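# Understanding the architecture of this molecule
Residue strings, one per chain:
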Amino acid sequence: MQVFTNAAFATMTAESTGYGLIEDGSLVVDGDRIIWIGQAADLPADYVDADFTDLGGRLVTPGLVDCHTHLVYGGDRAREFEMRLEGAGYEEIARAGGGIVSSVKNTREASEEELFDSAIRRADTLLNEGVTTLEIKSGYGLDIETELKMLRVARRIAEERPVTVVTSWLAAHALPPEYKDNRAGYLREVVLEGMSRAHAEGLIDAVDGFCEGIAFSVEEMRLVFDHAKSLGLPVKLHAEQLSDLHGAVLAAEYDALSADHLEWLGQDGVDAMAKSGTVAVLLPGAFYTLRETVYPPVQALRDAGVAIALATDANPGTSPLTSILLTMNMGATIFRLTPVECLTAVTRNAAKALGFADRGTLAVGQRADLAIYDIQHPAELTYRIGFNPLHARVLGGELV
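Residues numbered from 1 in each chain as written. Predicted model: local features only at pLDDT ≥ 70, side-chain atom pairs only at ≥ 80, totals over all residues. Heavy atoms only, no water.

## Structural notes on the UniProt feature "binding site: N-formimidoyl-L-glutamate" (unreviewed entry) in the chain
Under the local residue numbering, the UniProt record ascribes the feature "binding site: N-formimidoyl-L-glutamate" (unreviewed entry) to Tyr140, Asn315 and Gly317. For the residues just named, distributed over 178 residues, the greatest C-alpha separation is only 11.4 Å, placing them together at one site. Of the annotated set, the members that line the second largest pocket are Asn315 and Gly317. Residue Gly317 is classed as buried on the basis of its relative accessible area, which comes to 3%. Not counting chain neighbours up to four residues away, the residues in contact with Gly317 comprise Arg77, Arg84 and Thr289. (UniProt positions renumbered as here; feature names shortened; annotations may be inferred. 1 Å grid on protein atoms, 1.4 Å probe; cavity = no way out; pocket = protein on both sides within 12 Å on 5 of 7 lines; lining within 4 Å. Buried < 20%, exposed > 50% of the residue type's maximum accessible area, 1.4 Å probe, protein only. Contact = heavy atoms within 4.5 Å.)

## Considerations on the packing of helix α4 (residues 112-127) against helix α5 (residues 144-160)
When two helices pack together, their arrangement is given by the angle between their axes and by how far apart the axes lie. The N-to-C vectors of α4 and α5 enclose an angle of 50°; their axes lie 9 Å apart at closest approach. Considering the angle they form, α4 stands oblique to α5. In this structure, α4 meets α5 at a crossing whose hand is right-handed. Residues Glu112, Glu113, Leu115, Phe116, Ala119, Ile120 and Ala123 of α4 form the contact with α5, whose participating residues are Lys149, Arg152, Val153, Arg156, Ile157 and Glu160. Taken together, the residues that form the contact of α4 with α5 break down as 7 nonpolar, no polar and 6 charged. (Axes fitted to C-alpha atoms, helices over the stretch in contact; angles between N-to-C directions. Helix = DSSP H or I, 4+ residues; strand = E, 2+ residues; numbered from the N terminus. Parallel < 35°, antiparallel > 145°, perpendicular 65-115°, else oblique. Left-handed = near helix turned anticlockwise from the far one by under 90°. Nonpolar A, V, L, I, M, F, W, Y, C, P; charged D, E, K, R; others polar.)

## Considerations on the packing of aromatic side chains
Tallying each qualifying case throughout the model produces 6 aromatic pairs. Every member of this aromatic cluster is reached through a ring pair, and the members are Tyr179, Tyr186 and Phe216. Just above the ring of Tyr73 sits the side chain of Arg122; from NZ or CZ to the centre is 3.8 Å. The ring of Phe356 carries Arg359 above its face, with NZ or CZ at 3.8 Å from the centroid. (Phe/Tyr/Trp six-rings, centres within 6.5 Å; stacked < 30°, edge-to-face > 60°. Lys NZ or Arg CZ within 6 Å of the ring centre and 35° of its normal.)

## Focus on helix α9 (residues 267-276)
Buried residues of α9: Gly269, Val270, Ala272 and Met273, and no others. When α9 is viewed along its axis, its buried side chains cluster within an angular range of 170° and face the same direction. Here the buried face of α9 lies against α8 (247-253), β10 (258-261), β11 (279-282) and α11 (298-304). One or two steps after α9, the chain reaches Gly277, where phi turns positive at roughly 80°. (Arc of directions from axis to C-beta.)

## Some details on the packing of helix α6 (residues 183-200) against helix α7 (residues 218-230)
For the pair α6 and α7, the least separation of the axes is 10 Å and the interaxial angle reads 20°. Comparing their axes, α7 and α6 come out roughly parallel. Our pair here, α6 against α7, has a crossing hand that is right-handed. Every residue of α7 that contacts α6 at Arg183, Leu187, Val191, Leu192, Met195 and Ser196 is listed here: Glu220, Leu223, Val224, His227 and Ala228. A per-class count over the contact of α6 with α7 returns 7 nonpolar, 2 polar and 2 charged.

## Quick look at unusual backbone geometry
Backbone geometry at Asp24 places phi at a positive 50°, although glycine is not the residue there. Note that Asp24 resides in strand β2 (residues 21-30). Its relative accessible area of 56% is what places Asp24 among the exposed residues. The phi dihedral of Asp313 falls on the positive side, at around 55°, and the residue is not glycine. Mapped onto the elements, Asp313 comes out in the loop between β12 (308-310) and α12 (324-333).

## Considerations on the environment of Pro62
Here Pro62 shows up in strand β4 (residues 51-62). Taking the relative accessible area as the measure of exposure, Pro62 reaches 0% and is therefore buried. When the C-alpha positions of Pro62 and Thr11 are compared, they lie 7.0 Å apart, and in sequence the two are 51 residues distant. Once residues within four sequence positions are removed from consideration, Pro62 is found in contact with Ala10, Thr11, Met12, Thr347, Gly360, Thr361, Leu362, Asp369, Leu370 and Ala371.

## Brief notes about the side chain of Arg367
If you trace the backbone, Arg367 turns up in the loop between α14 (348-353) and β13 (370-373). Dropping the residues within four chain positions of it, Arg367 is found in contact with Asp32, Arg33, Ile34, Thr164, Asp358, Arg359, Leu395 and Gly396.

## Re the sheet that holds strand β7 (residues 164-172)
Taken in spatial order, the 8 strands line up as β5-β6-β7-β8-β9-β10-β11-β12 in an open sheet, and their pairing is parallel. The open sheet has two free edges, formed respectively by β5 (64-66) and β12, since each of these has just one partner strand. The sheet shows a mean angle of 25° between the axes of neighbouring strands, taken without regard to direction. (Pairing = 2+ DSSP bridges.)

Next comes the structure, spelled out in structure tokens:
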């Protein structure tokens, strides 16, 4: 049994006001669970013989959750960054053989060890800011063996580092060159067959797709989602990033965990997500990198009671961002979320976007994943730019 004391705890519970801040607090952990939290002065006598850790007046939040990343990939796309600055658009680059397809070539050519060596460095930057749960997608293989290779690397990160890794099957990310005239064949032979193999090998926790004019249609994604549901896998969707194909409506129809991007989301999508409980995952890194001008309908999402999460979308092309803290700042400065909404977006709501009910808040019964910061108030996490105040993390009750 462990008591963390002399700290301010931002509980982030749905029932609390704002951050749910407990000043001069204590938190008791037994195994990997929180069994008591409150004012230090009210600590029950039952716990006086436990091991105490004095946190020196620091701020404690739930461990942060990055619920949308593409951390495993080969190569980089710095030249495409230049091309965009020279005037080329995202769709123009993609149709010219760049974009996702260029990452596919590099990822296919990289060994599993090479992919791991590069991905672990990106993961470490996120962990060093307070992330304790991390989602990683496939999607840069676009053939079964490379997709499986990516997922094995993602699983290995959780074996090598103190972090929970959730994996998503994203073979429906783009159409590879060898299938450019055979969309149905790609969906059948790679997306669906590969999903079954990955599931049988225990490599995936959810299924994702890119529903867009340069990717897959609503009808095609319906086939993917039907197969995912037949395997008992939850779904999520990249939707309404570049146009409104009503992908969020489809996602909600399948009770998707989340719909992500959502710059072009219409009111029908907002209403459908509110009804299904699907989380809106906003990705300011991609918005910023692509210099988008159409903003996600934040106020409509608020008004409808849709939970809003934020994530890095860490990827080589459209969001080369590996800072969850900068993501929070961007969520505030670009999307006009409040600091409370930003911290909620990378704790409670991000956990919900991954299907977790046992983390993202500091409450009795919750998993003891904590981030401990050398700051006085939680608003500092959103306010500062390029400053990392992390003191330590606690994963499953263990100080790391």
